[in-house]
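Residue strings, one per chain:
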Amino acid sequence: VEARGIEGVGAGALGQTASRVWVEVYLRPLAWRCLRYREAKAGLLQSPRELSPKWLYDERGSRLFEEITRQPEYYPTRREREILSARAGDVARLTRARWLVELGSGASKKTRLLLDALRDEGTLEGFTPFDVSEEMLRGSSKRLAWDYPSLQVHGVVGDFEQHLSVLPRHGRRLLALLGGTLGNFKPGERARFLGAIRASMGPEDFFLLGSDLLKETSTLEAAYNDAAGVTAAFNLNVLEVLNRELGAGFVPSQFQHVARFDAEHGWIEMLLRAKRAQRVRISSLQASVSFAEGETLRTEVSTKFDRDALTRELTQAGFARLADWTDDRGDFWLTLWSTGRATD
Ligand code: SAH
Ligand code: TRP
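This is a predicted model, so every value here is computed, not measured.

**Overview of the layout of surface pockets**
Considered as a void within the structure, the second largest pocket measures approximately 430 Å³ in volume. Every residue lining the second largest pocket is counted, 20 residues in all, and those nearest its centre are Trp32, Arg36, Val132, Glu135 and Glu245. Among the elements that take part in the lining of the second largest pocket, helix 2 (residues 29-45) stands out by supplying four residues, more than any other.

What follows is the structure in structure tokens.
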């Protein structure tokens, strides 16, 4: 793996923070394009049609996701924040971590609760946000350095399925995967991802996981069908990204956002459904894709977990649970894991 560039960010009015912020970019544009191109080709030409979630988080997609987290129906962010507000102090005491690494950090808003607690514990030195979305990551890195005057911010722009091993190793790290992001992997990929996280950890490191739990279908489906239509816009934005990056000819108004709970797999699936039969040219794949009326393209799954089953998966991957907390309604679950090896 090689870095495209190592660049400090921040200048002018942010001069004081510039020396504490740096962002490494591991996503080389060409390699990233090739990978996504191959995945898109396989997914679009197969049946049922499916896209990798990697297409959702361009700059606009990342902004729309932020807006989703503020919708009244989208409970996971609020529940997870409720747990972190009450328990970040416990996490800090149990881990005494020096460095917080957040996988899929997005805007790093809830993360502040962890940073505050680790700062109050007196152990915090630095933070590594890790995300594919470069603009988002640069923006939140600057804001955090500004708001935490002694914090080192060492951001990594990369793919957490490829670049876990390049994460900075500053003794006693806390790796966090929040927002139910683990649920966006399918079972096989999830096991591989958990194994890779475990393998990247030293004996003193910890893993903090935020997972959404199984609950009533109406609550689940409402969270992905907000009345303001933000999730629909987020889902349909994928077609704009395909048009731009693959020279595709999707007409977004010809597709409808659908999110429904699949009880067999225990996940919400996010689909785009063709309103009528159509043929879409995708120039860089040198192919056309035909959609029958009502045919769907799956853009994402969001798995809702059973606590015992998820515990078995993490145990299988080599983690040992230190603590776990839920919110008042039992909607969301925050768990803290060690590698199960002695820590001194
Ligand atoms: N942690 C935030 C954001 C969750 S959304 C929260 O709890 O609100 C998922 C985040 O993962 C997005 O910011 C997205 O850009 C990032 N992401 C998705 N796929 C990724 C990948 N393959 N590698 C790194 N980051 C990824
Ligand atoms: N990690 C988020 C989740 O599973 C991602 C997400 C929220 C999402 N809303 C979405 C992904 C809508 C695709 C479409 O809840």
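**Overview of the site of ligand 2**
Lining the immediate environment of ligand 2, one finds 13 residues, of which Tyr74, Asn184, Tyr224, Met270 and Ser302 sit closest. With respect to ligand 2, the side chain of Tyr74 contributes an N or O atom lying 2.5 Å from an oxygen atom. The contact in question runs from an oxygen atom of ligand 2 to an N or O atom on the side chain of Tyr224, over 2.5 Å. Taking 360 Å² as the accessible area of ligand 2 by itself, protein coverage stands at 99%. Put simply, the parts of the chain that give the shell around ligand 2 at least two residues each are helix 3 (59-68), helix 9 (230-246) and strand 13 (296-303).

**What to know about helix 7 (residues 187-200)**
Helix length check: helix 7, at 14 residues, gives a terminal C-alpha distance of 20 Å against a target of 20 Å (1.5 Å per residue), a fit within 8%. Those residues of helix 7 lying buried are Arg190, Phe193, Leu194, Ile197, Arg198 and Ser200. For helix 7, the angular spread of the buried residues around the axis is 165 degrees, confining them to a single face. In helix 7, the exposed residues that point more than 90 degrees away from the buried face are Arg192 and Ala199.

Definitions and cut-offs
- Residues numbered from 1 in each chain as written.
- Chains lettered and ligands numbered in written order.
- Predicted model: local features only at pLDDT ≥ 70, side-chain atom pairs only at ≥ 80, totals over all residues.
- Heavy atoms only, no water.
- 1 Å grid on protein atoms, 1.4 Å probe; cavity = no way out; pocket = protein on both sides within 12 Å on 5 of 7 lines; lining within 4 Å.
- Points joined across faces, edges and corners; volume = space filled by probe spheres on them.
- Helix = DSSP H or I, 4+ residues; strand = E, 2+ residues; numbered from the N terminus.
- Near = heavy atom within 4 Å.
- Polar contact = N/O pair within 3.5 Å; in protein donor to acceptor, adjacent residues only side chain to side chain.
- Areas by Shrake-Rupley, 256 points an atom, 1.4 Å probe, with all protein chains shown as cover.
- Expected span 1.5 Å × (residues − 1).
- Buried < 20%, exposed > 50% of the residue type's maximum accessible area, 1.4 Å probe, protein only.
- Arc of directions from axis to C-beta.

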